[in-house]
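Each chain, written out:
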Amino acid sequence: MVKIMPKNKYFKMKVNRQDSAYSNEFHDALKKRNNLIETKFGANEIIVAAPHNAPKGENTIAKGKRPADNNTAYVARNIADHCRGQLIVATRANRDPNKLEGTYLKHTIDTSPEIFVEIHGHKGGKKRPFGVEVSCGSKNLSSYSEHLAKKIKNQLKNISSKIKNQEPEIASKLKKLRVSGNYDRITLTGQDSKSIKNARSKGIIAYHIELGPAMRISTQGTEKSIPKLGVYVSQAISAALAKTHKKIICKKSNRLENLVPGILAVGGLVAGLAFLSFNITGNVVSNLSQKNSNIVGVVLFVLGIMASFFYFKGRK
Ligand SMILES: [Zn+2]
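Along each chain, the written sequence defines residue order, and numbers are assigned to residues from 1. Totals for whole chains, interfaces and linings use all residues, but because this is a predicted model, local features are given only for residues with pLDDT of at least 70 and pairs of side-chain atoms are given and counted only at 80 or more.

What follows deals with helix α5 (residues 168-176). Put simply, a residue is buried when 20 or more other C-beta atoms lie within 10 Å of its own C-beta and exposed when 12 or fewer do; between those, it is partly exposed, and each C-beta is set from the backbone. Under the DSSP-based scheme used, a helix requires at least four consecutive residues in state H or I and a strand at least two consecutive residues in state E, with every element numbered from the N terminus. Regarding α5, the residues found buried are Ala171, Lys173 and Leu174. Down the axis of α5, the smallest arc covering the buried residues is 165°, so these residues share one side. Across α5 from its buried face, at more than 90 degrees, point the exposed residues Pro168, Glu169, Ser172 and Lys176. This entry defines residue contacts through backbone-placed C-beta atoms, with two residues in contact when those atoms are within 7 Å. Among the structural elements, α4 (142-163) and α7 (228-244) are those in contact with the buried residues of α5. Directions drawn from the helix axis to the C-beta atoms are what define this arc.

Written out as structure tokens, the structure is:
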């Protein structure tokens, strides 16, 4: 029996592919209603998404039914870029994209990335003591969100000490920023998000991250930016993700320049051994004398070892 999904259950958005997320076209796309922006920064298996984005000053999405997460697109973009992954932004959505089957789910978790990160915005104030809240959507997985939160906190401290002379004010804000991944202590857990739930059932590592307004909304400046605090927090989150998931995020691409040391390593070792073994078996290679052939063998072998060393060091 074929089940036909009722039309209103499938939430459709217009897909808008952007080559650059730093272009005017990207900023124009953010202003559109009900678009899904897609930008690829690299081949790493991580998707960073902002499902509830709306421009600064626009308080709601889904036709007034839910609060907007202003400027989360920029934070998600920075993280997707740092992690060389993919960015997905839902702009001024007509309905709630991460609670319904539809274009958003199809372009995020249905593509089965290894890691899925959703960036949200919370309102701040006394009810939200943590500037940064991390959740994996369930109490059972609290140890994972706590782990990432701890790494984010460490990165914030690192950045803070690096910039304390040039930017003392932001440095002190970064240091004081409270981060929690404890499911019982955070206020927004993402437990109702279909995206996070479905991701888990597919074996995708999923994080729901909530950020306060100070990281997203500038009191002055253009609409095309987030406060410097948010830029540094994006860096800290990216570095924490990379440290936690080294194999997925720090993976080297297969570009030729990365393969050259590997080819040299294997080639050098094989050729070196070949030369040496020819000598042992008494074969004379071309016109080289026994002694020269030995030297060539040893040199190639040593080069092979050195190239192997750099190859594996580079891959770490
Ligand atoms: Zn949200």
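Attention now moves to the nonpolar core. Judged by nonpolar contacts, the single largest core of 68 residues is most densely connected at Val48, Ala76, Val117, Val132, Ile152 and Ala236. The element best represented in this core is α7, accounting for eight residues. One nonpolar core equals one set of buried Ala, Val, Leu, Ile, Met, Phe, Trp, Tyr and Cys residues connected by C-beta atoms within 7 Å.

On to the packing of α5 against α7. Axis angles are defined between N-to-C directions and span 0 to 180 degrees, where every axis is a line fitted to C-alpha atoms and, for a helix, only to the segment in contact. Between α5 and α7, whose axes approach to 10 Å, the crossing angle comes to 50°. With respect to α7, the axis of α5 lies oblique. The two elements α5 and α7 meet at a crossing, and its hand is right-handed. Along its contact with α5, which presents Ile170, Lys173 and Leu174, the element α7 presents Lys228, Leu229 and Tyr232. Residue classes in the contact of α5 with α7 are distributed as four nonpolar, no polar and two charged. What sets the label is the angle itself: under 35 degrees gives roughly parallel, over 145 gives roughly antiparallel, 65 to 115 gives roughly perpendicular, and the rest give oblique. Each crossing is labelled by how the near helix is turned from the far one, with a counterclockwise turn of less than a right angle marking it left-handed and a clockwise turn marking it right-handed. In this classification, the charged set is Asp, Glu, Lys and Arg, the nonpolar set is Ala, Val, Leu, Ile, Met, Phe, Trp, Tyr, Cys and Pro, and all remaining amino acids, among them Gly, are polar.

Take the sheet that holds strand β10 (residues 205-211) next. Here the rule is simple: two strands pair whenever DSSP picks up at least two bridges between them. The mixed open sheet is built from eight strands, whose spatial order is β1-β2-β6-β3-β7-β10-β8-β9. With partners counted over all chains shown, the strands left at the sheet margins are β1 (14-17) and β9 (179-180), one partner each. Both strand β2 (residues 35-40) and strand β6 (residues 86-91) contribute to a ladder of six bridges, which runs antiparallel. Residue pairing in the sheet places Asn35 in a bridge with Thr91 of β6. Helix-sheet contacts for α4 involve β8 (132-135), β9 and β10, and the interaxial angle to β8 is about 150°.

Along strand β7 (residues 115-121), seven of the seven residues are buried, which leaves the element largely enclosed by surrounding structure. Burial along β7 is two-sided: the face carrying Ile115, Val117, Ile119 and Gly121 and the face carrying Phe116, Glu118 and His120 are both buried. Pairing of strand β3 (residues 46-53) with β7 involves four bridges; the strand directions are parallel. Each residue of the ladder has a partner; that of Ile46, found in β7, is Ile115.

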